[in-house]
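Observations on the three-dimensional arrangement
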Amino acid sequence: MAAQEIDNSTTWGKELWDQFDNIATHTQKGIDFIERFGGFIRDRSAIEVEYALKLRRLVKNYQPKKSKEDEENEFSSLIAFKNVLKEVADLAGQREVVAENLQNQVLQGILLLAKNLREERKKALNQGASLTQSLHTQIGTLDRAKRSYEKAFREAEKAIESYHKADADFHLSRADVEKQRVNMNIRNSQSEDAKSEYANQLQITNKQQQQHYQIALPEVFNRLQELDEKRTRGMKEFIKRSADVEYEVSPIIAHCLEGIVKAADSINEKDDSMIVIEKYQSGFQPPGDIPFEDLSKPDPDAANNSQTHNSSTGLNHMTGKGTTKDKLKKRVGIFGIFTGNKNNLSTDGLKEDFSDLPPTQRRKKLTAKVQELQQKVAQEQAASDGLMKMKGVYEANSMLGDPRTVEEQLNESVNRLDRLRHELLRYQKLLEQANNQSFIQHSPQSNRVIQNGQRSSRHSNGSSNHENSHEDNGEDHPDDAGSLSSSSASPESGLGTSHTSLPGSGQGSTNEQPMNEEFYEADTPLGTCRALYPFDATSEGSIPMSEGEELQVIEVDQGDGWTRVRRFSSKGWEEGFVPTSYIECTLYA
């Protein structure tokens, strides 16, 4: 069958009838070559797996960290980058598919083909070797018959020559001549027999040799030719199959690349700029023009400031001015309440009323909080209505259930609903206060200027009259009710026993009783501060101050937005807390 499928005009059996050894070597090299191609596919598959693994590791390493703030306002570039990472992860998956298909569909086929080719080649070579050995054996038999015939023929010739000599020799007896004649006949007979055997073996050998080179061995060579062509066809099919593996995933890869391009096209720089504005806008107005200060004209506040500065200087001398910032004191006594109350902080570290945020950011947070509470109220209302309906059904038909089983759940739901509505009302009021502010505050940091190597603050109108500035220009200080009084962590919360923490104060408040000098010796001032805005103390624990007033810093802000200060007034030494955002501090080096 195999030999018949091959064109007899261009077969190995006809054209390469005498190249048995070369054909055997060639077929062996062909099988080695396809096995080497299998090694190439195996190594390529390993590279694909490694590439996919590195792509996945790359995606994992560059995956942006999730945060609540980023989820609320995600930049288009960040969203695009996340989409790019998803597409790259999909690309990694397709490389894994390529590797798997190369192993299952190409490499396994190559190994199986190489195994079959080796077995078929071995059988064909063994048959060819057997045929060749049989022919060589017959040729050997022919050679032996020929040598026997040659030997018998020479002996017969010698016997004939001896007989003729004996017959011509008259000195020999009749018996000797007869003996030579008999020997001649015997040798001739042996020669004829050897000749017949030689002729017979020659006929056999020629027939076998003809059968060997024209039929038997060509069949073996043609089988080897078919085997080698099968190997070549397999090489062709496996190369095409490896390309088809790539073709199968190319539409998905192209889709991934289109997704990357789409992600890039989704980036909008203008939208990202608006997100930055929305994220960081404070709501403060830029500072006004800095007024010109004519030093030739007397400043009515200069004497007061000089007196205050001299008083504080004298106190510094009394208590030891050499204290550094490393000797910051922790608040003790009643003042520890201001920093210890963490219940007024939300989960993100901000105050519940967001009073420590700039106006715009505060309104944004309050709006989000109101929306969150409205959603919770709606959910709780739906749950309460469901319980009410269930209770009504149970009351109408006691067979369905006992109404008392849902009464406790209904009461709990009503209580939760009341609390949520109360909290919603509170935040709605805070949002209404924030939205109803008819002015935009100046940023405290924008009003600070450097004069004579020290920090000070001037308003754009250049006024040095603190009381008039507080009354006439309401835009120059933050709203006390909105950002201070609403915080329960501040001295404005109304702690009636705050005077008990001040030694020597008796029953009066910190604003009424002067502090003794022994107490101040223990509280060395850490520096001085200047009031940027006027502040009216409305509860115990805090002290009022006017704009531009200079005070001593006793304790820096511990994170609650308040700084402990003291000053000398007509009533003596006063000590208490003021908002940190209302002052500009200069600590001693």
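What this report covers is the structure whose coordinates are included nearby. Please read these numbers as outputs of a predicted model, since none were measured by experiment.

Conventions and cut-offs
Residues numbered from 1 in each chain as written. Predicted model: local features only at pLDDT ≥ 70, side-chain atom pairs only at ≥ 80, totals over all residues. Heavy atoms only, no water. Buried < 20%, exposed > 50% of the residue type's maximum accessible area, 1.4 Å probe, protein only. Helix = DSSP H or I, 4+ residues; strand = E, 2+ residues; numbered from the N terminus. Pairing = 2+ DSSP bridges. Salt bridge = Lys/Arg side-chain N within 4 Å of Asp/Glu carboxyl O. Phe/Tyr/Trp six-rings, centres within 6.5 Å; stacked < 30°, edge-to-face > 60°.

A separate point is the pairing of strand S5 (residues 562-569). Within S5, seven of the eight residues are buried, which leaves it mostly tucked inside the rest of the structure. Both strand S4 (residues 550-555) and S5 contribute to a ladder of three bridges, which runs antiparallel. Each bridged residue has a counterpart across the sheet, and for Gln-552 the counterpart in S5 is Arg-566. In sequence, S4 turns back onto S5 through a hairpin of six residues, with Gly-559 there showing a positive phi of about 110 degrees. Bridge analysis of S5 against strand S6 (residues 572-579) gives eight bridges, and the strand direction is antiparallel. Each residue of the ladder has a partner; that of Arg-564, found in S6, is Phe-577. Here S5 hands over to S6 after two residues, the two strands then running antiparallel side by side.

For the coordinates displayed, the defined rule picks out 21 salt bridges. Between Arg-44 and Glu-246 there is a salt bridge; the shortest N-O distance is 2.4 Å. Of the two residues, Arg-44 is situated in helix H2 (residues 20-61) and Glu-246 in helix H5 (residues 174-265); the sequence distance between them amounts to 202 residues. Using a relative accessible area of 22% as the deciding quantity, one classes Glu-246 as partly exposed. Asp-228 is the salt-bridge partner of Arg-231, the closest N and O atoms lying 2.8 Å from each other.

Under the definition given, this model contains nine aromatic pairs. Aromatic pair Tyr-149 and Phe-153: ring centres 6.2 Å apart, planes at 40 degrees, arrangement tilted. Taken together, the positions of Tyr-149 and Phe-153, both in helix H4 (residues 76-168) and four residues apart, correspond to about one turn of that helix. Residue Tyr-149 is classed as buried on the basis of its relative accessible area, which comes to 18%. The exposure class of Phe-153 is partly exposed, given its relative accessible area of 37%. Taking the centre distance of 5.5 Å and the plane angle of 75 degrees together, the rings of Tyr-533 and Tyr-582 count as edge-to-face. Of the two residues, Tyr-533 sits in the loop between strand S3 (527-531) and S4 while Tyr-582 sits in the loop between S6 and strand S7 (583-587), which places them 49 residues apart along the sequence.

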